[in-house]
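Breakdown of the fold
The chain contents come next:
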Amino acid sequence: MQLLLTLGALSASASALAFHPFKLSPTTPTPTLNAVKRDSWGGAVSLGPTKSTIVKAVTTIIPGAAPSTQNGELFLWPGMSNGTGDLVQTTLESWPDNSWCGASKGQWCIRCSLFGSFGQLDGSASAVSGDMKVEIVYELLADNDTWRQTATDVDTKKQLSTFEHKSGPYMTGYGTGTECDDGCTGTIAAQTYENTVITLAGADKSFGNTISSSQGAMYEGLSVSSDGKTWTIAKINVPSMT
Ligand SMILES: *[C@@H]1O[C@H](CO)[C@@H](O)[C@H](O)[C@H]1NC(C)=O
Ligand SMILES: *[C@@H]1O[C@H](CO)[C@@H](O)[C@H](O)[C@H]1NC(C)=O
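Residues numbered from 1 in each chain as written. Chains lettered and ligands numbered in written order. Predicted model: local features only at pLDDT ≥ 70, side-chain atom pairs only at ≥ 80, totals over all residues.

**Some details on the overall build of the protein chain**
Assigned secondary structure in the protein chain consists of zero helices and 15 strands. Taken over 242 residues, the protein chain has a buried fraction of 42%. If you take every contact in the protein chain between residues at least 6 apart in sequence, the share linking residues at least 24 apart comes to 73%. (Helix = DSSP H or I, 4+ residues; strand = E, 2+ residues; numbered from the N terminus. Buried ≥ 20, exposed ≤ 12 C-beta atoms within 10 Å, placed from the backbone. Contact = placed C-beta atoms within 7 Å.)

**Comments concerning the sheet that holds strand S15 (residues 230–238)**
The strand order across the open sheet built from seven strands is S10-S9-S8-S3-S12-S15-S14, with neighbouring strands paired in antiparallel fashion. Edge positions in the sheet fall to strand S10 (159–166) and strand S14 (218–224), since each has one partner strand and no second. Taken over all neighbouring pairs, the strand axes of this sheet differ in orientation by 10 degrees on average, direction set aside. (Pairing = 2+ DSSP bridges. Axes fitted to C-alpha atoms, helices over the stretch in contact; angles between N-to-C directions.)

**Examining the confidence of the model for the protein chain**
The predicted model of the protein chain has a mean per-residue pLDDT of 88, with 84% of residues at 70 or higher. Under a pLDDT of 50 for its full length, residues 1–21 has, in the predicted model, 42 contacts with residues more than four places off or in other chains. In this model, residues 23–37 is a region of pLDDT below 50 whose contacts with residues beyond four sequence positions or in other chains number 17 contacts. (pLDDT = per-residue confidence, 0-100.)

**Topic: unusual backbone geometry**
Residue Gly 48 is joined to Pro 49 through a cis peptide bond whose omega torsion reads -5 degrees. In this fold, Pro 49 is placed in the loop between strand S2 (44–47) and strand S3 (54–62). Of note in the backbone geometry, Lys 157 takes a positive phi value of approximately 65 degrees without being a glycine. Along the chain, the position of Lys 157 falls in the loop between strand S9 (146–153) and S10. Unusually for a residue other than glycine, Gln 215 sits at a positive phi of about 55 degrees. On the secondary structure map, Gln 215 appears in the loop between strand S13 (212–214) and S14. Exposure remark for Gln 215: the 20 C-beta atoms within 10 Å place this residue in the buried category.

**Some details on the site of ligand 2**
Around ligand 2, the neighbouring residues are Asn 82, Gly 83, Thr 84, Gly 85, Gly 168 and Tyr 170. Among the residues making up the shell around ligand 2, the classes are represented as one nonpolar, five polar and no charged. (Near = placed C-beta within 6 Å. Nonpolar A, V, L, I, M, F, W, Y, C, P; charged D, E, K, R; others polar.)

**What about the pairing of strand S12 (residues 191–200)?**
When S3 meets S12, the two strands line up antiparallel, connected through seven bridges. When the sheet's bridge partners are listed, Ile 62 is paired in S12 with Thr 192. As defined by bridge partners, S12 adjoins S15 across eight bridges and the pair is classed as antiparallel. Looking across to S15, one finds that Tyr 193 is bridged to Ile 236.

**What about the nonpolar core?**
Leu 92, Trp 108, Ile 110, Val 128, Val 134 and Ile 236 are the most contacted members of the largest nonpolar core, which has 31 residues in total. Sorting the residues of this core by element identifies S2, strand S4 (73–81), strand S6 (108–116), strand S7 (119–128), strand S8 (134–140) and S15 as the ones contributing at least two each. (Core = buried A, V, L, I, M, F, W, Y, C linked by C-beta atoms within 7 Å.)

**What to know about the environment of Lys 235**
Here Lys 235 lies in strand S15. Using a count of 16 C-beta atoms within 10 Å as the deciding quantity, one classes Lys 235 as partly exposed.

**A few points about the pairing of S6**
Across the nine residues of S6, eight count as buried, placing the element largely inside the fold. Two strands pair when backbone bridges link them, and strand S5 (residues 87–94) and S6 are joined in this way by seven bridges, in the antiparallel orientation. Within the sheet, the bridge partner assigned to Leu 87 lies in S6 and is Phe 115. In this structure, S6 lies alongside S7, joined through eight bridges in antiparallel fashion. Across the sheet, residue Ser 113 finds its bridge partner in S7, namely Asp 122. The hairpin formed by S6 and S7 contains two residues between the paired strands.

**Overview of the environment of Cys 112**
Tracing the backbone through its elements, the reader meets Cys 112 in strand S6. Among the residues examined, Cys 112 registers 27 C-beta atoms within 10 Å and is labelled buried. Measuring from C-alpha to C-alpha, the distance between Cys 112 and Glu 164 comes to 8.9 Å, with 52 residues separating the pair along the chain. Sequence-distant contacts of Cys 112, that is, excluding residues within four places in its chain, are made with Thr 90, Asp 122, Gly 123, Gln 149, Ala 151, Ser 161, Thr 162 and Phe 163.

This is the structure we're talking about:
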């Protein structure tokens, strides 16, 4: 058993992370009349930029129960970007009314989303229970341009959402986010991200040095393959916000 590592408390602002390519938040599925309040952030672990580029990133999130009532918007995601281009971000979402994806109380909605100069584009959405293991795959296809996102229920193999877009072969950063907007009701359970594997186009044996965590998030089992291309984080634990 390896020691849990934490890089200590960074500022509450996610912008204090060493590399924070994630700036946009999902837009409301229906217009909202809420005044925009400042976003706040729960725990996060992120890596980047790599000296190479990312060609694939896989993780399995167990989200824990969503709040049974929601005051604002709460988002859980692994995100991938290069800081100036598109943001690839399959997101678990908690809205005051989550019936748009068929979720019942305490469930999340999930959809594969893409943020860029065009705004937000989304795949179809599904409901996710707190104990579901959801595999989220981002992969650069053979055209060296298109990124495919796929979210799958690991136990049933059911596809929950998918989306493809030509976002280019220059992705350099990957990280988790716990994003609280418009005075959200925060997470009521911890999140676990298991077996996160980031594959690079070329060797970058110092990519691991770019890892940072915030707001009590912890990771264990950071390792790299002998060719320097495949980085694994065995487990990430993001504590509950309440
Ligand atoms: C993908 O594009 C990058 C940037 O142009 C290039 O360095 C790389 O060799 C390409 N990879 C493949 C498999 O074509
Ligand atoms: C990010 O990716 C886009 C799309 O491939 C590219 O145009 C841009 O130059 C990249 N930015 C960086 C900083 O690599």
